[in-house]
Every structure is written in C-alpha cells, then in structure tokens.
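# Observations on chain architecture
So the chains spell out like this:
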Amino acid sequence: MAQPDSKKIFFENLSGAGKAIAVLTSGGDAQGMNAAVRAVVRMGLYVGAKVYFIHEGYQGMVDGGENIREATWESVSSMLQVGGTVIGSARCKEFRTHEGRLKAAHNLVKRGITNLCVIGGDGSLTGANLFREEWSGLLGELVEQGLIEADAVQKYSALHIVGMVGSIDNDFCGTDMTIGTDSALHRIIEVVDAIMTTAQSHQRTFVLEVMGRHCGYLALVSALACGADWVLIPEMPPEDGWEEKMCQKLSATRSRGTRLNIIIVAEGALDRHGKPITSSFVKELVVKCLGFDTRVTILGHVQRGGTPSAFDRILASRMGVEAVLALLETTANTPACVVSLCGNQSVRLPLMECVQMTQEVQKAMDEKRFEEAVKLRGRSFENNLKTYKLLAHRKPESELPTSNFNVAVLNVGAPAAGMNAAVRSAVRVGISEGHKMFAVSDGFEGFYKGQIKEIKWADVGGWTGQGGSLLGTKRTLPAKHVDKIADQMRKHNINALLVIGGFEAFESLLQLYEARATYEEFCIPMCMLPGTISNNVPGTDLSIGADTALNAIVETCDRIKQSASGTKRRVFIIETMGGYCGYLASVGGLAAGADAAYIYEEPFDIRDLQANVEHLTEKMKTSIQRGLVLRNENCNDNYTTDFIYQLYSEEGRGVFDCRKNVLGHMQQGGAPSPFDRNFGTKISAKAMQWISKKLVETFRQGRVFANTEDTCCLLGMRRRALVFQPVVQLKEDTDFVHRIPKEQWWLKLRPLMKILAKYKTSYDVSDSGQLEHVVRNRPRESDASVAM
C-alpha cells in the first residue's frame, strides 16, 4: 500500500501554524459528535493550529467569554465513547438576527478565529454559511463601532466554514450516512429484539414509533433490519385503503403460524391527504379490525442517547480529520463545504448545494410528489424501500412468475453475524422471482452428503436478528468431493448457486469454476457474498459480520478501560481475531481510541515496540490515566500477546501497570448489528436479481449452460458502488498463503489512529476528499448502515 512520497503530506508540511480553528456542535445532539470534536481538536493541534471549543453552539459564540475556550490534547481524552456532545448544543434565536451574528463575529475576531468547523443539521450549516457570506460586512461594522482595529479587516478578511452533519435522522442530502444514525439504529434494534421475545410469548402485535419527523430513514431501515410486517414513513404515504391491506397482511402472517407482528411508524408518518398516522391510531385499528392483543412503544429520546457505535466513531473520526484538511486547503474563493460519505469514501460537497437538495425533498413531500421525494433522498433510500417491499410483502402464488429454476444457498467457512439475514433475503427474493429455493446445511460437507432441502418463504421468518449460521457452516472445500457434489446438483437439478462466507467461500468458488472443465453441472451462474468477521476477502471493502465484531471489540475495550477508572495508571493489551488480516485490530483501535495496533501487514520489530512503550510512558506522566494496545492474533510469531504484555509491564514499571485480555470467540457471536443485517439483506437481494438475469441469459435449448468468467462472481463493495467481479480475476489480487487481499483500503486509516494517539507520522492524502458537486444520480448503492 506504499504510495510515492509526492502523494503524502508529512507532519512537517501539514502546516496550520498561525491558524485558529473553532469547533462547535449545534442543533440536536447525536452520538458520535464527541468523536468528531476529538478528531478536529487533535488533528488541528497536530498540524500546529490553535483549536478552540465553542460551548453551547451558536449561543456560546454570541455570548463569548468562557464559552470560547482553547482546547488541549488532554481536554478531549476519554470522550470518544461518550454519547451526546460534551461541549453542549443549543438552539439560538439570537444568532438568527444580524445583531447576534455581529456579536459572534466580534468574539471570534478577538481570538483570531477564522476557521469554523460546525457539526449539526441543515439549519446549523445554513446559518454558518450566512455568517460566512456576511463576514466582511460584519467586520466593517465592528471597525465603525470602534470594537476592532481597521487592520483586523485585512488580517481576518475571510471566514472559512467546513460542516459535518450530526443528525440521527439521516435526513441530509449528499451523504450516505450522517453522524449518529447508526447508533440510533442500534438503540432501535436493541428495543425491537427485546420486544420480539415478549411479543412471541403472548402472541402480541407491537406498534413502535421511532423518530423521523420529516425523514423515514430510521423507520425504514429498522423495519428492514428486523423484518417488520409494516412500515409507515413520511416520504411514501400508503395508498388509500391501506388500513384494510395492513390488517389482511397481519392476519395472513398469523395464519402461517407466526406468533407476533411488528409495525414501525415514523413520528412524521402521513396518509396521502396529509393527515398524520399516529401509533395510537394504528393500535386502535388493529384491535378493532383483528382483535389482536396490541401494545404501543414510543422510543423517543432513547434513540439519541447511549454510547456511539463503532461505525459512528470511525465515521466521525474520519470526517473530523477530513474537515481539518479541508480548512487547511480552503481559500477565500472556496465555497463552504460539508464533509460527506459516499459508499466507503470521504467526499467534500458544496454545503448550500446539499442544503438546497434537502429542502427540495421537503418541498416535493409538501406538494405530494412522493415518488420524486424518495428519489431525491438518494439511491440508498430508494433501494432500502424497494428491498423492504420485496421482502415484506409476499405476492399470492398466482401472481408469481414461474421460472422453473432451482437455486441453492449455503454458508461456507466460519459463522458471521448477518449470514442469516442474507439467507432470508435470498430465499424471499428468489421465491418472488419465481425460483424454487434450496437450503444446503453445513456448507459443502452437507452438500456432498445430500443435506439439501427446499426452503419456503415462512421458513426464514425472524432470521434477520439471529446470530451465527442457522443453516450450519463448515470450512470444508469442495475440491475433494467435487464428484459427489456434482451428483447432488444433478439429483436436485440445481441451476444456480449462492455461497455466503469468507475466504473459504472464495476458494470454493474458484475450485468450482475450475471444475467446469470436467463437470457440466458447475456450468451454472454462481455468486458469492463476503461474510466473515475478519474482512479478509479480496474484491470487497467490507464483509457481512465485520461490523458486529467491531462493535463487540469496541464495547469490550470501553468496559476494560472503565475498569481502570479511579485506579492507578494502567495499560491494557488486547488480542483480536482476524487471522493474518489486521482489519479488526486497526479499525477497532481507531474506534476504541487505541495507542497502538500491531498487525501482520505492517511489520514491526523490537525498536518499534520500545518506541511505543516510551511514547505511552510520556503520555502517562501527564493526565492520561489509561492506555490501550491492540494486537492482531497472527501479527508476529515471536512477539506474542504474552511477550508484549511482559515487555510493557517491565518497561512501564513505576509509571503504569499492565493487564491483558484475549477477546476470542466473543467477537464472532451475538446478534448482528443493524449494519450487518441491512448490508447482508441488500447485497443478497442484489445477488439474487443478478442470478435471475444470468439464468435467463444462459438458458439455451431447455437447459442452463454458463461457462464464462462473468457467470462466477463475487459481489463486493468497492469504494462507491456494489460490483460483481469474476472470482478468477481476483486471484492475482490475493495472497493465498496468508489469506488476505494484496491491497487493503483500511491501511490508509492507520495513520489516523496514530495521529489521534499523538504520534508524529506521515499522512497519505492521495485519497482524501476533493470538492465535488451534488449529482442526483451519484452512485449510492453501497449504502454504509448499509454505508447502510
């Protein structure tokens, strides 16, 4: 992953000397805001700028005084895992007036601040842009009033603004995910999972009201993640007569043996005539029409609270660093920008273009142009809605197409959270496409033993929230049993194959592709979905299960660090899984605020270990109480977890003591995160549609015959899009000995972890965000809470 030096900005050249940056959080709070504040402060100090907190948002800027304080490295310690915003947020009527903005300008100029990093919603960012446009006029007024010297106008001539969107609603156009959305989904899904157990016990219907006054993202994605029976959102009000259809759907679900129903209502849900649809109305409707025992749960501000998820910490940290880089590169002619996420990439977009499109969505909804409103929300939102409709609403048998194709689905390799959501999605989309779906138990071992049976729509009900692999999974590769597998495929007339798994699944597809030369049974469309906590599959930036594992690591690290609270200074050595892939250690380290993460991909020696110990010792002599060091399980044969623990214990004697913890298989267990549920659901639906297309294309003379490279593919997320890639073409990108891709995008995040831990290091900006324009059809299929 080495880059030419010309593409790197080194510590000495990342100059913010003489610049003053202020960071504020405004409007509503959102989990992850503190991670963004921490990243802005530390990156700002790293480049030599002065950094200020503005407490209580714009109110603090207007009031000045103690509300605007200089930040230090230590002042953002231990805030990464804290929800809300520790610098406070407030709505400020005074800032909306010219006089209020004049006071704010005076308070900033007194401290030489001309760079603002604003973390908030579209209202906060719009206010920041107005402030920027008025800046020179405000300085002129301050000179006239004798509040500042005349030369200050020249010295502080331009105000530079960079925004980050902190909003749990994900209602800002131009970014796939806003800071706080993923954490809010975690809160919702935790409640839904808990409610489902009690609802099943009593055969109840639950109506859940979630936040989203003008945006139905939380309702839609949580409905997708838990397999809700019905969802009501403001962007797409139900057709007239929806009440009867909903009750018919609930009744049909119960008649198939399901003991519970879940209905999710966004707080801003409306019918086609603009009349609000409340959770209490839905409850009364179900009781009146069906007589079901029905309860309402209004989640309210629970969704805003709690610890930020791993995704939000990483997103906020990346955006915070990107915001400082944007401020360093801005000129007087650069428009105010907002740092956004597109797929797996940071991008910078003109702030007001994003605000304008966000306002267009509301206008379209007000004018009852609902189809357009959904499109304006972006392809991610549109795909979520299409996928939900596809999976939740079963068509009558008479309306289903009859393809006469048989499609088998199986899991291969170690279990990963989200596999069951992917299987559920594949089965239901396959049935909707007219195929007969077959489930293979225990991977290819079960395949050659004939553990194959038809799986129906109702068989996968409730699978989205289940961890592990309900089908069963083994690491067995097909090569040794290829003749028996071919027999089983012939016996069951399997016309296509969907394999969900990790590196073994990738190797399996390569072996089946090579077996086509000998066995015509394998001349069928075959697709693989990456599902492994290690995230070590070539051809994809992310794998199903990795997000759940990251959250397990981060939650454990939080608890471990908290265990040292109030005790003497302590360093924790944590071992993570991942084989030879350092993804979990590196990205988990960034999310947990680690001081170092040792991985195979970045070789280290005793001198590096010594330097890390000395660095930690220096930090511990100040106010830092706790240190965190992560080690990937296979990073080095000799520098074991025990060795590193003993080294740190000995070298830190008198300054800090050490503890070690091997996380083990707890990283592989647990209920899947919202990200993994939705990522698995959406890519599986996309894979089944691809399989259907290939089946039609390769059906000739009464049979399926597919022997080209492009009929044996891996579906992965690459930068900004979901891409089907022939597995045979991915061979040259793969280190088969260590079972990792030769190039791994996340290695570029490692310098961020080091910078935020106070190391002097080079930072590669060849891939940093560049100012782009908002394009309505920008590819957004990648969707990260699936980003989402």
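Residues numbered from 1 in each chain as written. Predicted model: local features only at pLDDT ≥ 70, side-chain atom pairs only at ≥ 80, totals over all residues. Heavy atoms only, no water.

### Looking at the overall build of the protein
Quick note on the threshold: A helix here means a DSSP run of H or I that spans at least four residues, while a strand means a run of E at least two residues long, and both kinds are numbered starting from the N terminus. Here the radius of gyration uses the C-alpha set of atoms, whereas the globule reference equals 2.2 Å times the residue count to the power 0.38. Throughout, exposure labels follow a simple rule: accessible area from a 1.4 Å probe, protein chains only, divided by the maximum for the residue type, with under 20% read as buried, over 50% as exposed, and the rest as partly exposed. Working definition of accessibility: Shrake-Rupley area with a 1.4 Å probe, residue cover restricted to the visible protein chains.
Regarding its fold elements, the protein presents 23 helices and 29 strands. The C-alpha atoms of the protein give a radius of gyration of 27 Å, which matches the 28 Å a tight globule of 788 residues would have. Dimensions of the protein, computed from the C-alpha atoms along their principal axes, are close to 90 × 70 × 45 Å. Considering the protein as a whole, with its 788 residues, one finds that 62% of them fall into the buried category. By element, 48% of the accessible surface of the protein is carried by carbon and sulfur atoms, the whole surface being about 29200 Å².

### What about the sheet that holds strand β11 (residues 337–342)?
Test applied: The pairing criterion for strands is at least two bridges between them, as found by DSSP. Whenever a helix is involved, its axis is fitted only over the stretch in contact; in every case the axis is a line through C-alpha atoms, and angles between N-to-C directions fall within 0 to 180 degrees.
Pairing is mixed in the open sheet, where seven strands are placed in the order β4-β3-β2-β5-β6-β11-β12. In this open sheet, the two edge strands, each paired with only one partner strand, are β4 (68–70) and β12 (345–350). Across the sheet, the mean angle separating the axes of adjacent strands is 25 degrees when strand polarity is ignored. Examined bridge by bridge, strand β5 (residues 115–120) and strand β6 (residues 160–165) share six bridges and lie parallel to one another. Paired with N115 across the bridge in β6 is H160.

### Comments concerning the packing of aromatic side chains
Inclusion rule: When the centres of two rings from Phe, Tyr and Trp lie within 6.5 Å, Trp using its six-membered ring, the rings pair. Their planes under 30 degrees apart give stacked, over 60 give edge-to-face, and anything left gives tilted.
Counting across every chain of the model gives 18 aromatic pairs. Residues F405 and F699 carry aromatic rings whose centres are separated by 5.6 Å and whose planes lie at 80 degrees to one another, so their mutual orientation is edge-to-face. Of the two residues, F405 is situated in the loop between α13 (379–392) and β13 (406–412) and F699 in strand β23 (residues 699–700); the sequence distance between them amounts to 294 residues. Owing to a relative accessible area of 38%, F699 belongs among the partly exposed residues under this scheme. Ring geometry for Y639 against F643: centres 5.3 Å apart, planes inclined by 40 degrees, an arrangement best described as tilted. Taken together, the ring pairs in this structure connect Y58, F95, F131 and W135 into an aromatic cluster.

### Section: the pairing of strand β26 (residues 721–726)
Note: strand β25 (residues 712–718) against β26, six bridges, orientation antiparallel. Bridge pairing in β26 places L715 opposite F724. Hairpin connection between β25 and β26: a loop of two residues separates the two successive antiparallel strands, and R719 in this loop has a positive phi of roughly 55 degrees.

### Brief notes about the UniProt feature "binding site: ATP" (unreviewed entry) in the protein
Under the convention used in this document: UniProt positions are given in the numbering used here, feature names are shortened, and annotations may be inferred rather than shown by experiment. By definition, residues are in contact when any of their heavy atoms lie within 4.5 Å.
The UniProt record annotates "binding site: ATP" (unreviewed entry) at G28, R91, C92, G121, D122, G123 and S124. A compact arrangement is adopted by the annotated residues: their sequence extent is 97 residues, whereas the largest C-alpha distance between any two is 14.4 Å. Relative to the elements of secondary structure, C92 occurs in the loop between β4 and α3 (98–110). When neighbours within four sequence positions are excluded, C92 is seen to be in contact with Y58, Q59 and V62. When you line up the elements, S124 lands in helix α4 (residues 122–144).

### Quick look at the UniProt feature "active site" (unreviewed entry) in the protein
UniProt tags D169 as "active site" (unreviewed entry). Mapped onto the secondary structure, D169 falls in the loop between β6 and α6 (181–202).

### A look at the sheet that holds strand β20 (residues 596–598)
Two strands in a sheet stick together by hydrogen bonds in their backbones, pointing the same way (parallel) or opposite ways (antiparallel). Here we have four strands laid out as an open sheet, ordered β20-β21-β19-β22, and parallel in their pairing. A single partner strand is all that each edge strand has here, and the edge strands are β20 and β22 (657–662). Looking at each pair of strands side by side, their axes are set apart by 20 degrees on average, direction ignored. Sheet analysis places strand β19 (residues 570–576) next to strand β21 (residues 626–632), joined by seven bridges and oriented parallel. Note on β21: the bridge partner recorded for T576 is N632. Across the face of the sheet, helix α18 (residues 546–563) comes into contact with β19, β21 and β22 while running at roughly 160 degrees to β19. Running over the sheet, helix α20 (residues 606–620) touches β19, β20 and β21 and is turned about 160 degrees from β21.

### Some details on the packing of α3 against α4
Relative placement of two packed helices is described by the angle separating their axes and the distance separating the axes. Quick note on the threshold: For classification purposes, an angle smaller than 35 degrees is called roughly parallel, one larger than 145 roughly antiparallel, one from 65 to 115 roughly perpendicular, and anything else oblique. In this count, Pro and Cys sit with the nonpolar residues alongside Ala, Val, Leu, Ile, Met, Phe, Trp and Tyr, while Asp, Glu, Lys and Arg are called charged and the others, Gly among them, polar.
Contact geometry for α3 and α4: axes closest at 9 Å, N-to-C directions at 75 degrees. One way to sum up the angle between α3 and α4 is to call them roughly perpendicular. Contacts between α3 and α4 involve H98, R101, L102, A104, A105, H106, L108 and V109 from the former and L130, F131, E134, W135, L138, L139, E141 and L142 from the latter. Among the residues making up the contact of α3 with α4, the classes are represented as 11 nonpolar, two polar and three charged.

### Here's the deal with the domain arrangement of the protein
Rules: How far each domain reaches was decided by an automatic or database domain assignment.
Segmenting the protein into domains produces domain 1 (13–178 + 308–362), domain 2 (182–303), domain 3 (406–544 + 672–739) and domain 4 (547–668). Domain 2 and domain 4 are separated by 43 Å when their C-alpha centres are compared.

### A few points about unusual backbone geometry
Backbone geometry follows two general trends: most residues other than glycine have a negative phi, and most peptide bonds adopt the trans configuration. Not every positive phi belongs to a glycine, and Q203 is a case in point at roughly 55 degrees. Note on placement: Q203 falls in the loop between α6 and β7 (205–210). Even without glycine at this site, N404 takes up a positive phi of about 60 degrees. One can find N404 in the loop between α13 and β13. For N404, a relative accessible area of 66% gives the class exposed.

### A word on the nonpolar core
To keep things clear, this is the line we draw: For the purposes of this section, nonpolar cores are sets of buried Ala, Val, Leu, Ile, Met, Phe, Trp, Tyr and Cys residues that join through side-chain atoms within 4.5 Å.
Of all hydrophobic cores here, the largest spans 190 residues; its most connected members are M164, I264, L497 and L498. The element contributing the most residues to this core is helix α10 (residues 310–329), with 13 residues. Leave out the neighbours within four places in its chain, and L498 touches A408, V409, L410, A426, C527, L529, S684, A687, M688 and I691. One finds L139, A152, A336 and C354 within the second-largest nonpolar core, a separate group that totals 41 residues.

### Observations regarding the pattern of salt bridges
What counts, and what does not: The salt bridge criterion pairs a side-chain nitrogen of Lys or Arg with a carboxyl oxygen of Asp or Glu, the two atoms within 4 Å.
For the coordinates displayed, the defined rule picks out 38 salt bridges. Residues D558 and R313 are paired through a salt bridge, measuring 2.6 Å at the closest nitrogen-oxygen approach. A residue pair is termed long-range when its members are at least 10 positions apart, and D558 in helix α18 and R313 in helix α10 qualify at 245 residues. Of the two residues examined, D558 and R313, each falls in the buried class. Because the salt bridges share partners, they merge into one network encompassing R475, E504, E507 and R739.

### Focus on a positive patch on the surface
As a reminder, the rule being used: Here a patch means residues that are over 30% exposed by relative accessible area and free of salt bridges, tied together within 9 Å if like-charged and within 5 Å if nonpolar (Val, Leu, Ile, Met, Phe, Trp, Tyr). All tallies of charge rest on Lys and Arg as positive and Asp and Glu as negative; His and the ends of each chain are not included. For the purpose of locating charges, the reference atoms are NZ of Lys, CZ of Arg, CG of Asp and CD of Glu.
A surface patch of like charges, here positive, comprises R91, K93, R96 and R213. As for its position among the elements, R213 is in the loop between β7 and α7 (217–226). Judged by relative accessible area, R213 falls into the exposed class, the value being 59%.

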